[in-house]
Amino acid sequence: MRELTVESGKANLLGLLFAVLFFPVMVIPFYFIWGDSIQLLSEIQQLKSDLLWIFLIILLSMVIHELLHGAAYLALTRGDFKNIKFGIIWQFITPYCHYKQPIPIWKYRVAVLTPGIFTGLIPFVLSLFFGNFALLFFSILFTFGAVGDFIIIWMIRHEKSMAMVQDHPDKIGCIMEH
């Protein structure tokens, strides 16, 4: 067995690097498509006036993010709910979803990426299609919320497709079974 984990401090630094790199990747296409028709200052003012709603949406989305992990584990393990654990790390006010048993790495990859796809990528594409600044804002926010998931995917990128992996119970990462 081999642990592939990252310390939370390093994950935060990687998250900042991710934000610096991917913010323009998400904003520039939106601007090129919708720049002339979007009144950026009024959109930002609108977001500022809705701070309480934004805060509530962020809290709800954190829970939804973890429920999406759980739903993916449930679907990929044919209803094995007893091995899915939800909780909150109160020190960081961070909810989590942990799958307790080893699973094939392809299933793990799908479960890890599911929230980033549904709360980040899909809303981003929709924001480009509809020119909705609020949707762009939330897609960026939730894409950054999936940084820990993207770090895990990066750490296991060279692992063999038939390898077995277990979600790490305490850290950002996993345990490879060999």
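Just above, that's the structure.
What you see is a predicted model; the values in this text were computed from it and never measured.

S.K.: Would you explain the layout of surface pockets in this entry?
M.R.: Rolled over the atoms, a probe with the dimensions of a water molecule shows which regions are left empty. Taken as a whole, the largest pocket spans an internal volume of roughly 1,300 Å³. Residue assignment for the lining of the largest pocket shows that the elements contributing at least two residues are helix 1 (8-34), helix 3 (51-76), strand 3 (94-99), helix 4 (105-130), helix 5 (133-145), helix 6 (147-155) and strand 6 (172-177). Per element, the largest residue contribution to the lining of the largest pocket is seven residues, and it comes from helix 3. Among the residues making up the lining of the largest pocket, the classes are represented as 21 nonpolar, 13 polar and six charged.

S.K.: Explain the side chain of Glu 159 to me, please; I cannot follow it from the model alone.
M.R.: Its place among the elements puts Glu 159 in the loop between helix 6 and strand 5 (164-167). Among all residues touching Glu 159, those that are not within four sequence positions of it are Arg 2, Leu 4, Ile 105, Arg 109, Met 176 and His 178.

S.K.: Would you take a moment to explain the pairing of strand 6 for this structure?
M.R.: The side chains of a regular strand alternate, residue by residue, between the two faces of the sheet. One ladder, built from five bridges, connects strand 1 (residues 2-6) with strand 6; its direction is antiparallel. Paired with Leu 4 across the two strands is Cys 174, which belongs to strand 6. Once strand 5 ends, the chain turns through four residues before running back antiparallel as strand 6.

S.K.: Would you mind going over unusual backbone geometry with me for this structure?
M.R.: Excluding glycine, a negative phi dihedral is what most residues carry, and trans is how most peptide bonds are arranged. Despite not being glycine, Arg 78 shows a phi value in the positive range, around 55°. Along the chain, the position of Arg 78 falls in the loop between helix 3 and strand 2 (84-89).

S.K.: Looking at this structure, how should I read helix 3?
M.R.: Structural remark: α-helix, 3.6 residues per turn; residues separated by three or four positions point the same way. For helix 3, built from 26 residues, the straight-helix expectation of 38 Å at 1.5 Å per residue is met to within 8% by its first-to-last C-alpha distance of 37 Å. Residues of helix 3 that are buried: Ile 54, Ser 61, His 65, Glu 66, His 69, Gly 70, Ala 72, Tyr 73 and Leu 76.

S.K.: Looking at this structure, I do not really get the sheet that holds strand 1. What am I missing?
M.R.: By way of backbone hydrogen bonds, the strands of a sheet pair with one another, either parallel or antiparallel. Spatially, four strands are ordered 1-6-5-4 in an open sheet, and the strand pairing comes out antiparallel. Both outer strands of the open sheet, strand 1 and strand 4 (103-104), are each paired with one neighbouring strand and no more. As paired elements, strand 5 and strand 6 share four bridges and run antiparallel to each other. For Val 165, the partnering residue across the bridge sits in strand 6 and is Met 176.

S.K.: Can you help me understand the nonpolar core in this one?
M.R.: Grouped burial of nonpolar side chains is what soluble globular proteins tend to show. Counting residues in hydrophobic clusters, the biggest one holds 19 residues, and the most contacted among them are Tyr 73, Tyr 108, Ile 156, Val 165, Cys 174 and Met 176. If you tally residues by element for this core, the top one is helix 4, at four residues. Leaving out residues up to four positions away in the same chain, Met 176 has contacts with Met 1, Arg 2, Leu 4, Ile 105, Ile 156, Glu 159, Ala 163, Met 164 and Val 165.

S.K.: What's the story with the packing of aromatic side chains in this structure? I'm lost.
M.R.: The description of an aromatic ring pair uses the distance of the two centres, along with the angle that the planes make with each other. Considering all chains together, one arrives at nine aromatic pairs under this definition. With 4.4 Å between their ring centres and 25° between their planes, Phe 18 and Phe 22 make a pair best called stacked. Of this pair, Phe 18 and Phe 22 both sit in helix 1, four residues apart, roughly one helical turn. Among the residues examined, Phe 18 registers a relative accessible area of 14% and is labelled buried. Pairing Phe 137 with Phe 138 gives two aromatic rings, centres 5.2 Å apart and planes at 80°, and the pair type is edge-to-face.

Cut-offs and rules
- Residues numbered from 1 in each chain as written.
- Predicted model: local features only at pLDDT ≥ 70, side-chain atom pairs only at ≥ 80, totals over all residues.
- Heavy atoms only, no water.
- 1 Å grid on protein atoms, 1.4 Å probe; cavity = no way out; pocket = protein on both sides within 12 Å on 5 of 7 lines; lining within 4 Å.
- Points joined across faces, edges and corners; volume = space filled by probe spheres on them.
- Helix = DSSP H or I, 4+ residues; strand = E, 2+ residues; numbered from the N terminus.
- Nonpolar A, V, L, I, M, F, W, Y, C, P; charged D, E, K, R; others polar.
- Contact = heavy atoms within 4.5 Å.
- Pairing = 2+ DSSP bridges.
- Expected span 1.5 Å × (residues − 1).
- Buried < 20%, exposed > 50% of the residue type's maximum accessible area, 1.4 Å probe, protein only.
- Core = buried A, V, L, I, M, F, W, Y, C linked by side-chain atoms within 4.5 Å.
- Phe/Tyr/Trp six-rings, centres within 6.5 Å; stacked < 30°, edge-to-face > 60°.

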